[in-house]
Amino acid sequence: MVDRTERISEENIQRQRDFADKVRTVISALASERGRLYKFRVVTYGCQQNEADSERLAGMLSSMGYEKAQSEADADLILVNTCAVREHAEIRALSVTGQYKHLKERDPELIIGVCGCMVSQEHRLDDIKHRYPYVDFAFGTSYLWKLPEILYTKLTNKKRMFLPDADADGNIAENIPVMRESSYRAWLSVMYGCNNFCTYCVVPHVRGRERSRYKEDIIAEAGKLIADGVKDITLLGQNVNSYGKGLYEGYGFPELLEEIASLDGDFTLRFMTSHPKDATERLIDVMARNEKIAPQLHLPLQSGSDRVLEMMNRRYTLDSYIRLVDYAREKIPGLTLTSDIMVGFPGETEEDFEDTLSALSRIKYDMVFSFIYSRRRNTPAAERPDQIPEDVKGERFRRMLALQSDIGLEINRGYVGKTVRVLCDGASKNDPDMLAGRTDGGKNICFKGSCPEGGYTYVKITDARPFVLMGEESVG
Ligand code: 5AD
Ligand code: SF4
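Everything quoted here is computed from the prediction, not taken from an experiment.

1. Describing the domain arrangement of the chain
And then number 1: As assigned here, the chain comprises domain 1 (10–167), domain 2 (182–268), domain 3 (295–413) and domain 4 (419–473).
And then number 2: Distance between the C-alpha centres of domain 2 and domain 3: 25 Å.
And then number 3: Tallying the contact residues gives 8 residues for domain 2 and 15 residues for domain 3.
And then number 4: Across the domain 2/domain 3 interface, buried area totals approximately 870 Å², and carbon plus sulfur atoms make up 55% of it.
And then number 5: Counting the surface domain 2 buries against domain 3, the share from its top three residues, T199, Y200 and V202, is 70%.
And then number 6: Taken together, domain 2 and domain 3 are joined by 0 salt bridges.
And then number 7: Summed over the shared surface of domain 2 and domain 3, the number is 8 residue pairs in polar contact (both at pLDDT 80 or more).

Laid out in structure tokens, this is it:
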């Protein structure tokens, strides 16, 4: 049960604001002494939740008098917000942190901090403490809101600080300043943590148990975003369909979604992630009848084999999954459906893997986020003796990508000739002469046109690629 006392008291939050003021005083004294601004850089790895956390870290740093730096080389404080979902993400964060050593040698006053999921694990916190002596502090996900106090202590005591995330169940901190990356797309967390304990996954260990924000806080934040001109809001949670459990009777995610969708204003609402065991027809009905909810569903299947799903502790079958997808497609025409698929889970046979391939061919996702199973400490799957050799995992991964790329292309070809509404994200990263954007269904689109960043426009699809639609802005 979520206990109301899990909210961090306003008194404690105020204490952090007081620390922020003290840091601001220290920083502005330093800045005027040196005749220049003090700058921060937050480097983010991992999922949307981490991106949302980084916007809060940036918001707190800005409230403490730091300006945003253009690069790490230009920063007086670097904060690495890490991910722990796969080993690869950890190795990258560690190697990037390693590269900051030379920046510290050049400027011994540079402050380097590491935070987030990776250092919520005690062994990684110890690694950082002992193997990266130039890192000044590290703290896990449950201490994010204490950044002002941590920084103040660092600036005044000069001592290194490593906070074990003993309280990984965390608390909910409201009213933390936020500096958003975009003025027209925004993340909005509705809950934190996860209770599902999929046997491969480290998230419940590093982000703690599920806890929901009060609906009043969420709705007020949504209202503020809309008033600020945000056009595209993504509600975030590890499993949004658990929203409200233990907090409310008879009020869950579908109700929250519908209440936000009924707010006044011109905006689109999305959400992620939905665990298939908890996504209901009621959720689909709410999506179908509310125009402001995007026709987009991210519903991670993970594997097409019931045997593997059971070993993963996913608690649904391929059949029940497909029934829900069929229902959603019937109710929501033009639905964009995406998924997470993992290959090489311990014990996965060639036959299990082929079940996944046939599930992909049967379901036909618009897009799949594909992962090679990565062994995570303290998870049951990591202890299994039947780990799959790396070369077999790699080969399955490539086969899956090839199939999905054909499926994605086939689906995208079906769009050619149609005109779709697009929210423009400015110049394309791959081709500066083209614009990039997303359709209402969240599909990537690259197009010729003159729409300003953050504006809506209509685009006629002229060509298709496996991962992106190509088009031209249609005038009039
Ligand atoms: N190895 C590989 N992929 C993983 N994911 C979660 N844990 C692991 C792991 N140990 C993937 C799942 C999840 C996505 C966010 O990351 O597919 O849905
Ligand atoms: Fe990890 Fe499963 Fe929770 Fe998703 S639902 S965060 S995969 S434990």
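2. Quick word on the site of ligand 1
And then number 1: Surrounding ligand 1, one finds V85, R86, Y200, Q302, D340, M342, F371, I372, Y373, S374 and R376.
And then number 2: The side chain of Q302 places a nitrogen or oxygen atom 2.7 Å from an oxygen atom of ligand 1.
And then number 3: Take S374: an N or O atom from its main chain is 2.8 Å from a nitrogen atom of ligand 1.
And then number 4: Protein coverage of the free-state accessible area of ligand 1, which is 400 Å², stands at 85%.
And then number 5: Of the residues that constitute the shell around ligand 1, the class distribution is 6 nonpolar, 2 polar and 3 charged.

3. Here we look at the sheet that holds strand β6 (residues 161–163)
And then number 1: Across the sheet, which stays open at both edges, the 6 strands sit in the order β2-β1-β3-β4-β5-β6 with parallel pairing between neighbours. With partners counted over all chains shown, the strands left at the sheet margins are β2 (67–68) and β6, one partner each.
And then number 2: Sheet topology places strand β4 (residues 111–116) next to strand β5 (residues 137–139); 3 bridges connect them, and they run parallel. For C115, the partnering residue across the bridge sits in β5 and is F139.
And then number 3: Sheet strands in contact with helix α2 (residues 48–63) are β1 (39–44), β3 (77–82), β4 and β5, and its direction is about 170° off that of β1.

4. Regarding the site of ligand 2
And then number 1: Taken together, C194, N196, F197, C198, Y200, C201, V203, P204, Q238, H275 and R314 form the complete shell of residues around ligand 2.
And then number 2: Within the shell around ligand 2, the residues separate by chemical class into 7 nonpolar, 3 polar and 1 charged.

5. Considerations on the sheet that holds strand β13 (residues 336–343)
And then number 1: With parallel pairing, the 3 strands of this open sheet are ordered in space as β12-β13-β14. Here the strands that pair on one side only, and so sit at the sheet edges, are β12 (296–298) and β14 (367–372). The mean inter-strand angle of the sheet, taken between neighbouring strand axes irrespective of direction, is 15°.
And then number 2: In this sheet, β14 lies alongside β13 in parallel orientation, the contact comprising 6 bridges.

6. Some details on the packing of helix α9 (residues 253–261) against helix α10 (residues 281–289)
And then number 1: Two elements in contact, α9 and α10, have axes separated by 9 Å at closest approach and are oriented at 10°. Judged by the inter-axis angle, α9 sits roughly parallel to α10. Residues F253, P254, E255, L257 and E258 of α9 pack against R282, L283, V286, M287 and R289 of α10.
And then number 2: Tallied by class, the residues present in the contact of α9 with α10 amount to 6 nonpolar, no polar and 4 charged.

7. Observations concerning empty space enclosed by the protein
And then number 1: Counted under the stated rule, the structure contains 2 cavities of 30 Å³ or more.
And then number 2: The calculated volume of the largest cavity comes to roughly 240 Å³.
And then number 3: Lining the largest cavity we find 15 residues, and of these D53, T141, L144, N171 and Y192 sit closest to its centre.
And then number 4: Looking at side-chain class alone, the lining of the largest cavity contains 6 nonpolar, 5 polar and 4 charged residues.
And then number 5: In terms of domain composition, the lining of the largest cavity takes at least three residues from each of domain 1 (10–167) and domain 2 (182–268).
And then number 6: Empty space within the second largest cavity amounts to approximately 30 Å³.
And then number 7: As for the second largest cavity, its lining consists of D53, N81, C115, G116, F139, G140, T141 and L144.
And then number 8: Tallied by class, residues from the lining of the second largest cavity come to 3 nonpolar, 4 polar and 1 charged.

Calculation notes
- Residues numbered from 1 in each chain as written.
- Chains lettered and ligands numbered in written order.
- Predicted model: local features only at pLDDT ≥ 70, side-chain atom pairs only at ≥ 80, totals over all residues.
- Heavy atoms only, no water.
- Domains from an automatic or database assignment.
- Contact = heavy atoms within 4.5 Å.
- Buried area = accessible area lost by both parts, 1.4 Å probe.
- Salt bridge = Lys/Arg side-chain N within 4 Å of Asp/Glu carboxyl O.
- Polar contact = N/O pair within 3.5 Å; in protein donor to acceptor, adjacent residues only side chain to side chain.
- Near = heavy atom within 4 Å.
- Areas by Shrake-Rupley, 256 points an atom, 1.4 Å probe, with all protein chains shown as cover.
- Nonpolar A, V, L, I, M, F, W, Y, C, P; charged D, E, K, R; others polar.
- Pairing = 2+ DSSP bridges.
- Helix = DSSP H or I, 4+ residues; strand = E, 2+ residues; numbered from the N terminus.
- Axes fitted to C-alpha atoms, helices over the stretch in contact; angles between N-to-C directions.
- Parallel < 35°, antiparallel > 145°, perpendicular 65-115°, else oblique.
- 1 Å grid on protein atoms, 1.4 Å probe; cavity = no way out; pocket = protein on both sides within 12 Å on 5 of 7 lines; lining within 4 Å.
- Points joined across faces, edges and corners; volume = space filled by probe spheres on them.

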